[in-house]
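Chain by chain, the residues run as shown.
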Amino acid sequence: MRFLSLTERDRAAMLEAVGVGSIDELFADIPESLRLGRELALEPALSEPELVAHLEELAGRNVHTGRELSFLGAGMYDHYVPAIVDAVLARGEFLTAYTPYQPEMSQGVLQAIFEYQTAICELTGMDVSNASGYDGTTVAADACSMARYATGRSKVALCETVNPQVRQVVKTYAPGFGLEVVEIPHRGGVTDAGDARSAAEDAACLIFQQPNFFGCLEPAPELASAATDAGALAVAHVDPVSLGVLEAPGRYGCALAIGEGQGAGNSLSFGGPHYGFLAARSSLIRRMPGRIIGETTDVNGERGYVLTLQTREQHIRREKATSNITTNQTLLALAGLVHLSWLGPQGLREVGESCMALVEYAKERLGLPLLFSEQTTFKEFAVRVGRNAEEVMQAAREQGVHPGYPLGRDYEGLEDALLVCVTEKRTPAEIDRLAEVLAACV
Amino acid sequence: MRLIYEKSQTGRRASSLPRHDLPVPELPAGLRRSYPPRLPELAEPELVRHFSELASRTFGIDTGFYPLGSCTMKHNPRVNERLVNLPGFRDLHPLQEESGSQGALELMWRLQEILIELSGLDVCSLQPAAGSQGELTGLMLMRAYFADRGEERDTVITADTAHGTNPASVTMAGYKLQKVGTDARGNLDLDDLRAKVNERTAGLMLTNPSTLGLFDESIEDVAGIFHDAGALLYYDGANLNAVCGISRPGDMGFDIVHINLHKTFSQPHGGGGPGGGPIVVRDRLEPFLPVPAVVRDGERFRLDFDRPKSIGKVRGFTGPFGVFVRSYAYIRAYGPALRLMSEVAVLNANYLLARLKGAYELPFDRLCMHEFVLSARKLKREHGASALDVAKRLMDYGFHPPTIYFPLIVPEALMIEPTETEPKETLDAFVDAMLAIAREAAEQPELLQEAPHDRPVRRLDEVKAARRAVVRYGFEEHPDLSQEPSEPRALEVQKGA
C-alpha cells in the first residue's frame, strides 16, 4: 500500500518488541462478537492513475463555470482567484499543519491568522475577529448565541432579505440556544427601519444582510440604529468583496459583522469548504466562539503569536464554553488573507466598482422589468421574466447560459423572478450574450 | 519577522484587473465607503516571499513527525490536491442544476455508501462541517427523535475522558450534562453508569477507543444499559482510525456516529481546518437528518428537500465538498484493504508504547489501540520537568510534540498518536529522543525547562497575551509588548486533540 512504509521485516521486529505473535493479538480487547469478521464491502483499490481517471470521469459530468456562461450567484460567487492563492495553499507546511497548539512550531500560521484577523477588522471596521467559522451560515448562529449572552434576551430578529440558507441554519440552532426566531418581511426588496425597530424591541439581535439576498442595498445605518435603540445588537451579514465600496459596518453602529468569505479567495467547490468570518466590538471578545490569535513576546522580548483567550473554548471550559468549535477553516481563511493582500485597497475597490458598473450595463441590456426598481444594487439584481423563472432558466441553459437563480424557490409570489449575478469576471460581451439568450426565452 | 502590514507601502499592488469603459454608479452617501480599508500594499514578489517565510516558520506533517494525539496527523496524498482542483469540482456552483452536477452528486452518494459500510449503520448525511458540528447535529437528531415520540428527556451523559467538544455540544444543543467516571482498567465505570441512566436520559456520547487509546471492553453492556432505558448512543468518531474494517460502531450498539474526514480519511488539517464531520445513523433517525439529502433514483442522483421532520440545515448547501473529494479518493486508494490502515496504526502505536513505557509512567497498563497516554508525573515530581517541558524539548529533536494535559484524568499527560503512515525509522528516532529526554530530565532538567532552543521564538508569554489581548495590528499605534516584562508563562492547559 503506497501510503504505508512498514516492510515485512519491520512488522516482525515490531510485533516482537510489543510481545505479541500477530497483529490480531493487538485487537484482543475487542470482544469477538463485535469483530467484523469479513472483508469490507468496498470497491477494489485503485492505483494513482486509475484514481485520477475515475475522478476525472466524475468531474467531467459536472457543468462548471468554464463550460457554461454563468450568472448564478445567490450566496456563492464566481470571483477571480489569483494564482498566488493556489501557490500559498500548496505549501505543505500550511496544508499539513494542525491547530497551532504549540506556538514555537507554528509561528508562521499564527502570524498569518493574526494578519487575517487584522484584514477582517479593517474591512468591517470592527475591533476583533476570530480565526474563522465554518461558513457564512454558522457564523450567524454564533452571532445569535453571543447576542443572547450579551443581552439576556431570548429572541432574534432576522430580516427576510437575509440569504435563506443563513436563516435556515439560524432556525436549526436557535432551539438549543433557547432562542425564538422572528422574521421581518421586506418592503419593496429592502427592510423598513420601522419594522426593524418593532421586531428588535425585545430581541437579542437584529440580523440584516448588506447587500441583501436580492442584491439590494439595505438602509443599513438606519437598521443598525433601529436595533441599537431597541437594546438589541445590530448584526450585519456582509459580502467581503463589497467592502471596498460599501461602508464598514463598524462605522454605522453594528456590534457584530459576519459573513461568507468564499468570494474573497475561495473557489466555488460545490459549496465548500469555505470560511465564515465573525468580527465584533472589543466588549464582546470574551463571548466570541472559536480560535483567536494574540500577540505576545517570548523570554527574550521577541514578538510572537499564540492562541489566546482560550478560557472561552471547549478544551478548557467544556460545557461552559462559548461554542463547541475546534477544527475551523484556517486554510480557507489564509486564502482570504492572500487574496485580500493581492487585491490591496485599490484592487478591492476596483472589483466592487466593476461589479456595480457591469450590473448597470446588464440591467440596461437585458431590458427586463426590475423586480425592485427603486433599489440600489451591488453585484446582483432581480428581474421579472414574465413566466415561470425555472422554465426560463432551463431554456437558457440549453443555450449554454445559466441566467441566474429562480427566486420562487425561497419566496412565495416571486415565481417569475430571476436573480442575476454579475461579478468582475463577466464581460460586456458575455452580458450581451445573456441578453440575447434571455430575449429568446422569456 | 515583520507583519505584512509593516511591509506595506502606499501605491504598491499585486493585482491587475480588467477595466471596462462603463460608468460606475454613485452610491448613496450613508452607504458609500468613507475610508479605504488598510489592506496590505505589496507587489507580487514581496507577497510571495512573505508567505514563503511564514510557511518556513510552520511545521506540518510534510516537515516531520507530528504525533499529536487524537488528531490523526497522517500523510496527505498529493494526488488528492490535484483531484480537488479539477475544474469540474473546483469551479462547480453549489446551486448548479442537478443535470449539471451529476458527477458531484454521485461522488457524494458513493462516499455516503462507503461511510455506511464502515460504520455499520443505515443512512448518512455529509453536511456537518467538522467533528464538533457532527456532534451537535447528532444531539439535535436526538432531540427531534424524542420530541417526535413525545418523550421528555433532558440529559446527555459523557465520559470524564471525553474531548471538550462533547460537553460543549451538549450545552449548545440545550441538554443538561452528566459525567460518568472511568474504572481501573480504563473502561467506563458501569456501576456509576447504571446509577445515572434513567428515563430522563436522552443518550450517551462516547469515543471508542477512548481518548486513553483503549477499547472499552464492556461496550455491549454499556449499550444495553442505554437501550434498556430507551436512550440513544452517540459515537464520537475521533478515533475511528483504530478500527476501520475491524469493528464497526453500529455493531457495537451505537445509533449515531460522526466521522472526522480530516483525521481518518486524510483531508489535510490546513493549520486548523477545514474538516468534515459526516454523520451516519440508524434507520429510525433518518426522517430527522439535515436537508437536503443526496439520494439515488435509478441511474440519476438528486437532492431531496422533502423531509418534513428534518432538523433543518446545519451549514450551507450539502457540506464541504472539497473534503469529500479528498476523502473519497483516499478510501478508493485502499479499497477493501482499508483494514490495513487501522492495523498498522495500531501496530505503530503499540510499538512506541512498548519502547517508551519503561521511561514514562503508563497509567493503564494494557495494549493500546491507535494511540496511548503516558504520564510525565514522575519526571515532574523527581526532577521538576513537566509534560510541557518534555513537549518543548522534543522540538529541539525536530519533532512536533504530542498532545499534552489531555485527557484530563491523567496528570501530566502525553498523548501520542503516530498514525500508520510513519516508517519504523521515524518511530525509532522518536523513541530515542523521548528516552534521551527522560535521561536529560534527571541529569540536566534545565535543558527541558528552557526548551525549545532553536525555534524562531523561545517560550512565549501566554498570560500576557490573554491579559493584553492584542488581536490585530494597530497600524500607527501598535503596542510594543517587548517593553513590558515577559515570562515564559505557557498555560498548563490541553495542547492538542
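The rules behind the values
- Residues numbered from 1 in each chain as written.
- Chains lettered and ligands numbered in written order.
- Predicted model: local features only at pLDDT ≥ 70, side-chain atom pairs only at ≥ 80, totals over all residues.
- Helix = DSSP H or I, 4+ residues; strand = E, 2+ residues; numbered from the N terminus.
- Buried ≥ 20, exposed ≤ 12 C-beta atoms within 10 Å, placed from the backbone.
- Contact = placed C-beta atoms within 7 Å.
- Pairing = 2+ DSSP bridges.
- Domains from an automatic or database assignment.
- Axes fitted to C-alpha atoms, helices over the stretch in contact; angles between N-to-C directions.
- Parallel < 35°, antiparallel > 145°, perpendicular 65-115°, else oblique.
- Left-handed = near helix turned anticlockwise from the far one by under 90°.
- Nonpolar A, V, L, I, M, F, W, Y, C, P; charged D, E, K, R; others polar.

### Things to note about the overall build of chain A
In step 1: A tally of regular secondary structure across chain A gives 13 helices and 14 strands.
In step 2: The dimensions of chain A, computed from C-alpha atoms along their principal axes, are 80 × 50 × 50 Å.
In step 3: The proportion of buried residues among the 442 residues of chain A is 64%.
In step 4: Look at the contacts in chain A between residues 6 or more apart in sequence, and 72% of them connect residues 24 or more apart.

### A word on the overall build of chain B
In step 1: Counting its regular elements, chain B contains 16 helices and twelve strands.
In step 2: Referenced to the eigenvectors of the C-alpha coordinate spread, the extents of chain B come out at roughly 70 × 70 × 45 Å.
In step 3: Burial status across chain B gives 59% buried among its 497 residues.

### Here's the deal with the pairing of strand β10 (residues 303-307) of chain A
Residues and elements named next belong to chain A.
In step 1: Of all five residues making up β10, four are buried, and the element is well covered by its neighbours.
In step 2: As paired elements, strand β9 (residues 293-297) and β10 share five bridges and run antiparallel to each other. Bridge pairing in β10 places Gly-294 opposite Val-306.
In step 3: Connecting the antiparallel pair β9 and β10 is a turn made up of five residues, with Gly-301 showing a positive phi of about 85°.

### Structural notes on the domain arrangement of chain B
In step 1: Structurally, chain B comprises domain 1 (1-14 + 37-56) and domain 2 (81-336).
In step 2: One C-alpha centre belongs to domain 1 of chain B, the other to domain 2 of chain B, and the line joining them spans 41 Å.

### Notes on the sheet that holds strand β7 (residues 256-260) of chain A
Residue and element names in this part refer to chain A.
In step 1: Within the open sheet, the seven strands sit side by side as β2-β8-β7-β6-β5-β3-β4. Their pairing is mixed. The sheet is open, and its two edges are formed by β2 (128-129) and β4 (180-184), each paired on a single side.
In step 2: Relative to the sheet, helix α8 (residues 193-200) contacts β3 (155-159), β4 and β5 (205-210), its axis offset from that of β4 by approximately 165°.

### A word on the sheet that holds strand β6 (residues 256-259) of chain B
Residue and element names in this part refer to chain B.
In step 1: Taken in spatial order, the seven strands line up as β1-β7-β6-β5-β4-β2-β3 in an open sheet, and their pairing is mixed. A strand with exactly one partner marks an edge of an open sheet, and here the two such strands are β1 (123-125) and β3 (176-180). The average angle at which neighbouring strand axes cross in this sheet is 20°, direction not considered.
In step 2: As defined by bridge partners, strand β5 (residues 232-237) adjoins β6 across four bridges and the pair is classed as parallel. By the bridge assignment, Tyr-235 is partnered in β6 with Val-257.
In step 3: Across the sheet, helix α6 (residues 165-172) is in contact with β2 (155-159), β3, β4 (201-206) and β5; its angle to β2 comes to roughly 170°.

### Side note on the packing of α8(A) against helix α9 (residues 220-229) of chain A
Residues and elements named next belong to chain A.
In step 1: Contact geometry of α8 with α9 gives a least axis separation of 8 Å together with a crossing angle of 25°. Taken together, the axes of α8 and α9 are roughly parallel relative to one another. α8 and α9 meet at a crossing whose hand is right-handed. Counted together, Ala-193, Ala-196, Arg-197 and Ala-200 of α8 and Glu-222, Leu-223, Ala-226, Ala-227 and Asp-229 of α9 form the full contact between these two elements.
In step 2: Of the residues belonging to the contact of α8 with α9, the class tally is six nonpolar, no polar and three charged.

### A closer look at the packing of helix α2 (residues 48-60) of chain A against helix α10 (residues 321-334) of chain B
Think of two packed helices as two axes; the pair is described by the angle between the axes and how far apart they sit.
In step 1: Between α2(A) and α10(B), whose axes approach to 10 Å, the crossing angle comes to 140°. Viewed along their axes, α2(A) and α10(B) adopt a mutual orientation that is oblique. Judged by the twist between their axes, the crossing of α2(A) over α10(B) is right-handed. Residues A:Leu51, A:His54 and A:Leu55 of α2(A) form the contact with α10(B), whose participating residues are B:Ala329, B:Arg332 and B:Ala333.

### Concerning the environment of B:Val257
All names here are of chain B.
In step 1: Tracing the sequence through the fold places Val-257 in strand β6.
In step 2: Judged by local crowding, Val-257 falls into the buried class, with 28 C-beta atoms found within 10 Å.
In step 3: When the C-alpha positions of Val-257 and Pro-278 are compared, they lie 8.3 Å apart, and in sequence the two are 21 residues distant.
In step 4: For Val-257, the contacting residues outside a window of four places in its chain are Ser-119, Leu-121, Tyr-235, Gly-237, Pro-249, Ile-279 and Val-280.

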